[in-house]
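Fold and geometry: a report
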Amino acid sequence: MKFIKSVIQEMHDVTWPNGHQLRKDASSVIGLSVFFVGFFALVDWLVQIFLGLFQ
């Protein structure tokens, strides 16, 4: 029971992000994810072309 009380107290002490900060953080994560998908797709394509030259 002491554990549950401490968890509830800790949840009250947490500073939760507002809607604006949440949207900003989410768009950063989505943007970086899209960037890295494109980057790794480009690297994969270039490696395939490079390896295709030796066949």
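The structure we're discussing is the one just above.
To start, this report covers the structure provided alongside it. Here the structure is a predicted model, which is why all the values come from computation and not from measurement.

**Let's talk about the overall build of the protein**
Each helix and strand in the protein was counted, giving two helices and zero strands. Overall size of the protein, expressed as C-alpha extent along the three principal axes, is 65 × 30 × 10 Å. Within the protein, buried positions represent 0% of all 55 residues.

**Regarding the packing of aromatic side chains**
Overall, the coordinates contain five aromatic pairs when judged by the stated rule. Centre to centre, the rings of Phe39 and Phe40 are 5.3 Å apart; their planes meet at 65 degrees, and the pair counts as edge-to-face. Ring geometry for Phe50 and Phe54: centres 5.2 Å apart, planes at 80 degrees, overall edge-to-face. Here Phe54 falls in the exposed class, since its relative accessible area comes to 61%. Here the aromatic cluster, defined as three or more aromatic residues joined through ring pairs, consists of Phe35, Phe36, Phe39 and Phe40.

Cut-offs applied
- Residues numbered from 1 in each chain as written.
- Predicted model: local features only at pLDDT ≥ 70, side-chain atom pairs only at ≥ 80, totals over all residues.
- Heavy atoms only, no water.
- Helix = DSSP H or I, 4+ residues; strand = E, 2+ residues; numbered from the N terminus.
- Buried < 20%, exposed > 50% of the residue type's maximum accessible area, 1.4 Å probe, protein only.
- Phe/Tyr/Trp six-rings, centres within 6.5 Å; stacked < 30°, edge-to-face > 60°.

Function cannot be inferred from these measures alone, as they are strictly geometric.
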